[in-house]
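# Structure assessment
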Amino acid sequence: MKNIPWPISFWKMSGAGNDFIVIDHRKPVIRPEQMAEFARLACRRKFSVGADGLFLLERSDRADFKWRFFNADGSEAEMCGNGARCVARFAYMQGIAAARMRFETLAGIVDATVADTQVTVRMTPPHSFRFDRQLEVAGQMFMVHSVDTGVPHAVIFVDDIDAVDVVDLGRQIRFHPAFAPAGTNVDFVGRTANGCRIRTYERGVEDETMACGTGVAAAALIAAAKGYAGSPVEIVTSGGVALTVHFTGKQGEGAEQVLLKGPAHLIYKGELTAEALFEQRAGSGE
């Protein structure tokens, strides 16, 4: 990409297995029109750093900072719960913000508190609850519940979560006409004695991810609204990490102060070179 001053320093971070590239972009080096393609190329696994998404931290007039968040396919997303925890820890460790901070996202202002590797974020207010919608997918009928926890989620309770073909079934529901045109993330949830287990097909990653913070929040709120659980709700992700959701207020639309708590780990620090964005074309002879 032209006019980018290489190399670019970055951190690789993981929130319960959801992994991200995080860049301090308060002194911009990537032009806005380059960001989506930069994210897509840098997030390619095996060819570049590889990640579920890219965060660029920028200056804000309303909070400690703001982010631009891009999924692995280059699409820009409003919110990411696991990413919010990673970004908060990054900002704290880099001296960008104090341990208690506020930052700006497309979904609204997020509050976060960092305590070593554990980070708690106050999610943006949930909305657009819808319960007990029957959808036919792959010749089967599914009872689907939905809510927007910063991004849209479809939640499906299943008897055997390990038997679900998350990628195939999740993709069909993600692109189902009922969720057009934006599509939805899809969460398959199994109830346990202590809470829930979850497996998520993420829009923008277009695959099952090891964890999804907004999906965990969605599953917890829907489970509580259906009478399956009460605050706090512990949910174990695909990666085996437990995340905890606290909330106050009434069930469903009345839920307030939704807090997501879990780990945010620094995996490594590095420098991106121009070769990280190299994309070999078929027939290029290289």
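Described in the following lines is the structure provided in the data block. (Residues numbered from 1 in each chain as written. Predicted model: local features only at pLDDT ≥ 70, side-chain atom pairs only at ≥ 80, totals over all residues. Heavy atoms only, no water.)

## Here we look at the packing of aromatic side chains
How two aromatic rings sit relative to each other is given by the distance of their centres and the angle of their planes. Note the threshold: Two aromatic rings, drawn from Phe, Tyr or Trp (for Trp, its six-membered ring), form a pair once their centres lie within 6.5 Å of each other, and the interplanar angle then sorts them: stacked below 30 degrees, edge-to-face above 60, tilted otherwise. For the purposes of this entry, the term helix denotes a DSSP run of H or I that reaches at least four residues, the term strand denotes a run of E that reaches at least two, and both are numbered from the N terminus. Relative accessibility under 20% of the residue-type maximum defines a buried residue, over 50% an exposed one, and the middle range a partly exposed one, all with a 1.4 Å probe and only protein chains included. Cation placement over rings: the criterion is NZ of Lys or CZ of Arg within 6 Å of the ring centroid and within 35° of the ring normal.
Taken as a whole and judged by the stated rule, the model has twelve aromatic pairs. Plain terms: the ring middles of F55 and W67 are 4.7 Å apart, the flat faces sit at 55 degrees to each other, and that makes the pair tilted. Of the two residues, F55 is situated in strand β3 (residues 53-58) and W67 in strand β4 (residues 65-71); the sequence distance between them amounts to twelve residues. Neither residue differs from the other here; F55 and W67 are each classed as buried. Ring geometry for F65 and F103: centres 5.0 Å apart, planes at 10 degrees, overall stacked. One end of the pair, F65, is in strand β4; the other, F103, is in strand β5 (residues 100-105), and 38 residues separate them in sequence. Assessed through its relative accessible area of 0%, F65 is described here as buried. Members of the aromatic cluster, connected to one another through ring pairs, are F20, F55, F65, W67, F69 and F103. We note R191 situated over the ring of Y228; from NZ or CZ to the ring centre the distance is 3.9 Å.

## Re the nonpolar core
The condition that has to hold: We call a set of buried Ala, Val, Leu, Ile, Met, Phe, Trp, Tyr and Cys residues a nonpolar core when their side-chain atoms join them within 4.5 Å. Only heavy atoms matter for contacts: two residues are in contact if any of them lie within 4.5 Å across the pair.
In terms of nonpolar packing, the biggest core is built from 54 residues, with F55, L57, F65, M101 and F103 touching the most fellow members. Among the elements that make up this core, the one with the highest residue count is helix α4 (residues 213-225) (nine residues). If we skip the residues at most four places from it in the chain, F65 touches L57, E58, S60, V87, A91, I96, A97, M101, R102, F103 and E104. Counting residues in each nonpolar core, the second largest holds 21 residues, with I23, L54, L56 and A276 among its members.

## Observations concerning the pattern of salt bridges
Quick reminder of the rule: Within this document, salt bridges are pairs made up of a side-chain nitrogen of Lys or Arg and a carboxyl oxygen of Asp or Glu, the two lying within 4 Å of each other.
A complete count under the given rule lists 16 salt bridges for this structure. Across the pair R45 and D52 runs a salt bridge, and its minimum N-O distance is 3.0 Å. Judged by its relative accessible area of 8%, D52 is buried. In the salt-bridge network here, residues are joined through shared partners; they are K12, D19, R45 and D52.

## Section: the environment of G239
Examined against the element boundaries, G239 turns out to sit in the loop between β14 (233-236) and β15 (242-249). A residue is classified by how much of its surface remains accessible, and G239, at 40% relative accessible area, is partly exposed. Between the C-alpha atom of G239 and that of D148, which follows or precedes it by 91 residues, the distance is 23 Å.

## Comments concerning helix α1 (residues 35-42)
Note that an α-helix has 3.6 residues per turn; residues three or four places apart therefore point the same way. Here α1 has its buried residues at M35, F38, A39, L41 and A42. The elements touched by buried residues of α1 are β1 (8-15), β2 (18-24), β3, β4 and β17 (265-272).

## A look at the pairing of strand β10 (residues 152-157)
Let me state the cut-off plainly: We treat two strands as partners when DSSP finds at least two bridges between them. For crossovers, right-handed means that the path from the first strand over the helix to the second runs clockwise, given strands pointing away from the viewer.
Pairing analysis gives four bridges linking strand β9 (residues 140-148) to β10, with the strands arranged antiparallel. Counterpart to S146 in the pairing with β10 is A154. Of the pairings in the sheet, the one linking β10 to strand β11 (residues 185-191) comprises five bridges and is parallel in character. Paired with F157 across the two strands is V189, which belongs to β11. In terms of handedness, the path from β10 via helix α3 (residues 166-174) over to β11 forms a crossover that is right-handed.

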